[in-house]
Amino acid sequence: QYLELASLTGFGEKTRKAYESSGQVAGEAIANIRTVVSLAKEETFEARYFEVTREPHKYALHKALFASFGFALSQGVAYWSYSIGFYGGYRLVEAGILGWGQMFECMFSIVFTAMSLGHITAELPKFAKGKQSAINIYELLDKDTTIDADKEGIQLDTVSGSLALEKVDFHYPTRPDIQIFKNVDIKVKPSQTVALVGPSGCGKSTVIALLERWYDADGGKVTLENYDIRDMQLHNVRQHMALVGQEPVLFDMSIKENILYGLPNGEGTMEQAESAAKLANIHNFVMSLPNGYDTNVGDKGSQLSGGQKQRIAIARAMIRNPKILLLDEATSALDSESEKLVQEALDKARYGRTTIVIAHRLSTIQDADLILVVKNGQIVESGRHFELIDLRGIYADLCQKQNL
Ligand SMILES: Nc1ncnc2c1ncn2[C@@H]1O[C@H](COP(=O)(O)OP(=O)(O)OP(=O)(O)O)[C@@H](O)[C@H]1O
């Protein structure tokens, strides 16, 4: 049993790691099945899966071999001990030292005690597995994070919507040598619409990640109503913001439930859902469905078009009436017809709110109060559309490329 236990403990960690990578390949292929199929990459993924399962398969074979050897050894030892015991007992009876009754009494006590001990040790491999799992869980629990949702902090019931990045330095924790921002200052006044423009990968979405406090700045600070957001309660910061991204994520439930999900406790009235849907230009479409607001949207909203999903996501974002709206390429995945409907919804939603908008199509941000051009971790141009056109810099160049 000891041999079995020792061999399984080592294998547990190795097999877990190997299964993790094979599970990752399978999960990725299944979650993105349409992309895989449309690229005709089924065989590539199948081959990758076989490649990554080769290791777990090898470990499983070794594990089975060791476990069988351990089992054979323990059983063999047990039966050899019985025969030696019985032989010894028989010799003692023959020599007149013990009676038959005493010999059997003694033998059975030893056999039953050994069997009970065997049962205990049979559970030891499970104990080893449990220990390994507990180590993994505790490693995760012990990971330190400065972004703690349970930490007490300043809570604001209402905000005017003023935001700022003050002398912010930032790099992603997984890429310590790539500096995304160096001493960046961005100031957004209440109800202002600020557009972020710049080449792909310059850090536009990272501004949103810092405002939502998915990451903390390395230097400088991010503020909401002049409070450093690190001193505020995390949920309270996020509660004042609504994010609409490029790929809306809906849940496998009814349209009404999806919209009400935007409220802190997920509960609200039909009227609330309807007025958010009207604001998001989706009410008429929902009413045209046989089951109206009770229509199930399917897994990840698969039964709706991209534009419909996006407008439901906007309704969900708007239902709690946030003061700050973060739009990260919210219309870029849509065709021009859907884009028009979504853009109209966003223009209505922007009214009276501070809005940070990231858009590649510059026609959608021409009327922004402030346009910031981000390049090489810095804000290199800032102003309104016509001011930047007059500057004849990067923004003017980008506009020219888009025939604006
Ligand atoms: N989670 C992450 N971990 C490590 N690096 C990241 C992460 N997210 C983004 N990056 C890197 O940070 C840089 C800025 O990314 P970001 O998404 O902010 O750019 P962007 O300007 O929004 O790009 P795009 O216009 O293509 O969406 C990129 O070089 C990107 O590869």
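The following refers to the structure shown.

Topic: the overall build of the chain
Summing up its helical and strand segments, the chain has 14 helices and 10 strands in all. A compact globule built from 404 residues should have a C-alpha radius of gyration of about 22 Å, whereas the chain, at 33 Å, is more than 25% larger. Referenced to the eigenvectors of the C-alpha coordinate spread, the extents of the chain come out at roughly 115 × 55 × 50 Å. Contacts in the chain between residues far apart in sequence, at least 24 positions, make up 69% of those at least 6 positions apart. If you sum the accessible surface of the chain, you get close to 23,700 Å²; carbon and sulfur atoms cover 56% of it. Across the chain, 42 positive and 50 negative side-chain charges occur, with their mean positions spaced 3 Å apart.

Re the sheet that holds strand E7 (residues 324-328)
Taken together, six strands build an open sheet; the order of strands is E6-E7-E8-E3-E9-E10 and the sheet is mixed. Of all the strands in the sheet, the pair left with one neighbour each is strand E6 (241-244) and strand E10 (378-383). Averaged over all adjacent pairs, the angle separating strand axes in this sheet is 20°, with direction ignored. For E7 and strand E8 (residues 354-358), the ladder comprises five bridges, and the chain directions are parallel. Note on E8: the bridge partner recorded for Asp328 is Ile358. Sheet strands touched by helix H6 (residues 204-211): strand E3 (193-197), E6, E7 and E8. Its angle to E7, the strand with the most contacts, is close to 145°.

Focus on the packing of helix H11 (residues 306-318) against helix H12 (residues 336-350)
Closest axis-to-axis distance for the H11/H12 pair is 9 Å, and the angle between their directions is 10°. When the axes of H11 and H12 are compared, the pair comes out roughly parallel. Residue-level contacts link Gly307, Gln310, Arg311, Ile314 and Met318 of H11 to Ser338, Leu341, Val342, Ala345, Leu346 and Ala349 of H12. The class makeup of the residues in the contact of H11 with H12 is seven nonpolar, three polar and one charged.

Description of the site of the ligand
Inspection of the region around the ligand gives 15 residues, with Ser200, Gly201, Lys204, Ser205 and Thr206 positioned closest. Backbone polar atom of Gly203 to an oxygen atom of the ligand: 3.0 Å apart, as the coordinates give it. At 2.8 Å, a side-chain N or O of Ser205 approaches an oxygen atom of the ligand. Taking 640 Å² as the accessible area of the ligand by itself, protein coverage stands at 68%.

Description of the pattern of salt bridges
Per the counting criterion, the structure on display carries 10 salt bridges. Residue Arg350 pairs with Asp347 through a salt bridge whose shortest N-O separation is 3.4 Å. Here Arg350 pairs with Asp347, and both are found in helix H12, just three residues apart, close to one helical turn. The partner of Asp397 in a salt bridge is Lys401, and the shortest N-O contact between them spans 3.9 Å. Here Asp397 pairs with Lys401, and both are found in helix H14 (residues 394-401), just four residues apart, close to one helical turn.

Observations concerning the nonpolar core
In terms of nonpolar packing, the biggest core is built from 43 residues, with Ile255, Ile259, Ile314, Ile365, Ile371 and Tyr395 touching the most fellow members. A per-element tally of this core places H11 first, with five residues. Beyond its immediate stretch of four places on either side in the chain, Ile371 contacts Ala195, Val197, Ile365, Glu381, Ser382, Gly383, Arg384, His385, Leu388 and Tyr395. Phe170, Ile180, Leu224 and Ile356 belong to the second largest nonpolar core, which has 32 residues in total.

Some thoughts on the side chain of Thr223
Inspection of the secondary structure assignment puts Thr223 in strand E4 (residues 219-224). The residues touching Thr223, leaving out its near neighbours within four places in the chain, are Ser162, Leu163, Ala164, Glu166, Asp228 and Ile229.

Considerations on the packing of aromatic side chains
Inspection of the entire model under this criterion finds 10 aromatic pairs. Arranged with centres 6.0 Å apart and planes meeting at 20°, the rings of Phe104 and Phe108 form a pair that is stacked. Here Phe104 pairs with Phe108, and both are found in helix H4 (residues 100-122), just four residues apart, close to one helical turn. The partly exposed category is assigned to Phe108, whose relative accessible area is 40%. Cluster of aromatic residues (ring-pair linked, three or more members): Phe86, Trp100, Phe104, Phe108 and Phe112.

Scoring rules and cut-offs
- Residues numbered from 1 in each chain as written.
- Predicted model: local features only at pLDDT ≥ 70, side-chain atom pairs only at ≥ 80, totals over all residues.
- Heavy atoms only, no water.
- Helix = DSSP H or I, 4+ residues; strand = E, 2+ residues; numbered from the N terminus.
- Rg over C-alpha atoms; globule rule 2.2 N^0.38 Å.
- Contact = heavy atoms within 4.5 Å.
- Areas by Shrake-Rupley, 256 points an atom, 1.4 Å probe, with all protein chains shown as cover.
- Lys, Arg positive; Asp, Glu negative; His and termini not counted.
- Charge placed at Lys NZ, Arg CZ, Asp CG, Glu CD.
- Pairing = 2+ DSSP bridges.
- Axes fitted to C-alpha atoms, helices over the stretch in contact; angles between N-to-C directions.
- Parallel < 35°, antiparallel > 145°, perpendicular 65-115°, else oblique.
- Nonpolar A, V, L, I, M, F, W, Y, C, P; charged D, E, K, R; others polar.
- Near = heavy atom within 4 Å.
- Polar contact = N/O pair within 3.5 Å; in protein donor to acceptor, adjacent residues only side chain to side chain.
- Salt bridge = Lys/Arg side-chain N within 4 Å of Asp/Glu carboxyl O.
- Core = buried A, V, L, I, M, F, W, Y, C linked by side-chain atoms within 4.5 Å.
- Buried < 20%, exposed > 50% of the residue type's maximum accessible area, 1.4 Å probe, protein only.
- Phe/Tyr/Trp six-rings, centres within 6.5 Å; stacked < 30°, edge-to-face > 60°.

By themselves, these figures tell us nothing about what the structure is for.
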